[in-house]
Amino acid sequence: MTEPTQRKLIIAIDGPAGAGKSTIASRLARKLGYVNLESGAMYRALALRAIEWDVSFDDEEALLKLAQDSSIVLDRTIGGNRVLLCGKDVSARIRERDVTEGASRVSVHPKVREWMVARQREMGIGGGVVMEGRDIGTKVFPDADLKIFLDADPVIREQRRLDQQRVKGVSAEAMAAELRERDRRDRTRAASPLVAAEDAIVLDSTHMSEDEVLDRIEELVEEKSLSRR
Ligand code: DC
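As the structure is a prediction and not an experimental result, all values here were calculated from the model.

### Topic: the overall build of the protein
Secondary structure assignment for the protein yields nine helices and eight strands. A globule of 229 residues ought to have a C-alpha radius of gyration of about 17 Å, and the protein, at 17 Å, matches this closely. Principal axes of the C-alpha set define a box for the protein whose edges measure 60 × 40 × 30 Å. By residue count, 48% of the 229 residues in the protein fall in the buried class. Taking contacts inside the protein between residues at least 6 apart in sequence as the whole, the part at least 24 apart equals 74%.

### Remarks on the confidence of the model for the protein
Of the residues in the protein, 95% reach a pLDDT of 70 or more, and the chain-wide mean stands at 91. Across the protein, helix α3 (residues 60-69) holds the top mean pLDDT of 98, while helix α7 (residues 154-164) sits lowest at 85.

### Description of the side chain of Ser 91
Looking at where Ser 91 falls in the secondary structure, it is placed in the loop between β5 (88-89) and α4 (97-106). A relative accessible area of 19% means that Ser 91 is categorised as buried. Here Val 83 takes part through its backbone nitrogen, which lies 3.0 Å from a polar atom of the side chain of Ser 91. A polar side-chain atom of Ser 91 sits 2.5 Å from a polar atom in the side chain of Asp 89. Contact partners of Ser 91, with chain neighbours within four places excluded, come to Asn 81, Arg 82 and Val 83.

### Some words on the sheet that holds β5
Across the sheet, which stays open at both edges, the three strands sit in the order β3-β4-β5 with antiparallel pairing between neighbours. Two strands lie at the open edges of the sheet, namely β3 (72-77) and β5, each paired on one side alone. Strand direction decides the pairing type here: strand β4 (residues 80-85) and β5, joined by two bridges, are antiparallel. The partner of Leu 84 across the bridge, within β5, is Asp 89. Along the sheet, helix α2 (residues 39-52) makes contact with β3, β4 and β5, crossing β4 at roughly 30 degrees.

### Description of the side chain of Lys 21
Here Lys 21 shows up in helix α1 (residues 21-32). Despite its burial, Lys 21 pairs with no opposite charge; the closest candidate is Glu 132, at 4.5 Å N-O. A distance of 2.9 Å separates the side chain of Lys 21 from the backbone oxygen of Gly 15, its partner in a polar contact. In this view, Lys 21 contacts Ile 13, Asp 14, Gly 15, Pro 16, Glu 132, Gly 133, Arg 134 and Leu 150; residues no more than four positions away in its chain are not counted.

### A word on the packing of aromatic side chains
Summed over all chains, the structure comprises zero aromatic pairs. Over the face of the ring belonging to Trp 115 we find Arg 119, whose NZ or CZ atom lies 5.0 Å from the ring centre.

### Structural notes on unusual backbone geometry
You will see that Asp 54, though not glycine, has its phi angle at about 55 degrees, which is positive. With respect to the helices and strands, Asp 54 occurs in the loop between α2 and α3. Classification of Asp 54 by relative accessible area gives exposed; the value is 72%.

### What to know about the pattern of salt bridges
Scanning the entire structure with this criterion turns up 25 salt bridges. Salt-bridge contacts for Asp 186 lead to Arg 134; the nearest nitrogen and oxygen are separated by 3.0 Å. Linking Asp 186 in helix α8 (residues 172-188) with Arg 134 in the loop between β6 (129-133) and α6 (136-140), this pair joins segments that are 52 residues apart in sequence. In this structure, Asp 183 and Arg 157 form a salt bridge, with 2.6 Å as the shortest nitrogen-oxygen distance. In this pair, Asp 183 sits in helix α8 while Arg 157 sits in helix α7, placing the two residues 26 residues apart along the sequence. The exposure classification of Asp 183 matches that of Arg 157, with both residues buried.

### Some words on the sheet that holds strand β7 (residues 146-151)
A sheet is described by the order of its strands in space; here five strands give the open sequence β2-β6-β1-β7-β8, paired in parallel fashion. Only two strands of the sheet have a single neighbouring strand rather than two, namely β2 (35-38) and β8 (201-204). Strand-to-strand twist across the sheet, computed as the mean angle between neighbouring axes with direction ignored, equals 20 degrees. Pairing of β7 with β8, which is carried by four bridges, proceeds in the parallel orientation. Counted as the bridge partner of Phe 149 is Val 202 from β8. Against the sheet, α2 makes contact with β2 and β6, and its axis sits at roughly 40 degrees relative to β2, the strand it touches most.

Conventions used here
Residues numbered from 1 in each chain as written. Predicted model: local features only at pLDDT ≥ 70, side-chain atom pairs only at ≥ 80, totals over all residues. Heavy atoms only, no water. Helix = DSSP H or I, 4+ residues; strand = E, 2+ residues; numbered from the N terminus. Rg over C-alpha atoms; globule rule 2.2 N^0.38 Å. Buried < 20%, exposed > 50% of the residue type's maximum accessible area, 1.4 Å probe, protein only. Contact = heavy atoms within 4.5 Å. pLDDT = per-residue confidence, 0-100. Polar contact = N/O pair within 3.5 Å; in protein donor to acceptor, adjacent residues only side chain to side chain. Pairing = 2+ DSSP bridges. Axes fitted to C-alpha atoms, helices over the stretch in contact; angles between N-to-C directions. Lys, Arg positive; Asp, Glu negative; His and termini not counted. Salt bridge = Lys/Arg side-chain N within 4 Å of Asp/Glu carboxyl O. Phe/Tyr/Trp six-rings, centres within 6.5 Å; stacked < 30°, edge-to-face > 60°. Lys NZ or Arg CZ within 6 Å of the ring centre and 35° of its normal.

If you want it as C-alpha cells, here you go:
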C-alpha cells in the first residue's frame, strides 16, 4: 500500500508586536516548503495608500473603498513577503513609523477587517501556508490545523523592536510608548481584538531563543501531520 500523501496544513501564528512572529513564520515556512503570509503587511499597505491619497485613518467607508480599489499583493520571497501596492514595491516603506501607526488605526474598522479577512482566506485556503497576524486563528482560519499564539513579556518585546528598528531622532522611550499604544489598540478594539483562540497553543518566548521556539513549533507540526494522515 502506498503511503498517503501528507496534506499541507494551514498554520496560524498570532500574537502581539515584537513577540517574534515574522521571523518564526518565515523560518518555519522555509523549512516546511510552505508559503509565509504576513497579514499585517496588508493593513500596512492600506495605511500607506491612505497617506498617499490623504484619506483619514478614521474614515471607515473611504478606507474600504480605497482597499477595494487598490491592488495589494504579498509576493512570496525566501525571507518573507515582498509587498506590492498597485504594482509598486513598498516593502521597506510600509515598515516606517507613520505607516506603522496608520496600520494600527485602519485595522480597527470592521468593514476594513472583513475585506482583509476575505482576501487572506483566498490566499491561504489551499493549505501549505504559515499565516501570521492578530486574528488568523480566531477569524481568518478558525479551523486552522495548528494555531500558535506567540507572546513575550512587554519589556522584551519593546527591546526586540528597538534592536530591529532604531529610528533616527526618536528616543527609545518614545518608541516603547508607541508600541504600548498599538498593543493597547490591538487588544481593546471592538472588532476582532487580539486574543488567543481557545484552541491555540500559547508559547511564551520571553526566555526562549528563536531556535527553541522554532523547534517547539516544528514538533507540534509533526504531531499534527501524523495525527492527520
Ligand atoms: O504585524 P504588523 O505589525 O505588521 O501589523 C500591523 C498592524 O496591523 C497592527 O497594528 C495590527 C494590525 N493587524 C491586524 O489587526 N490583524 C492582522 N491579522 C494583522 C495585523
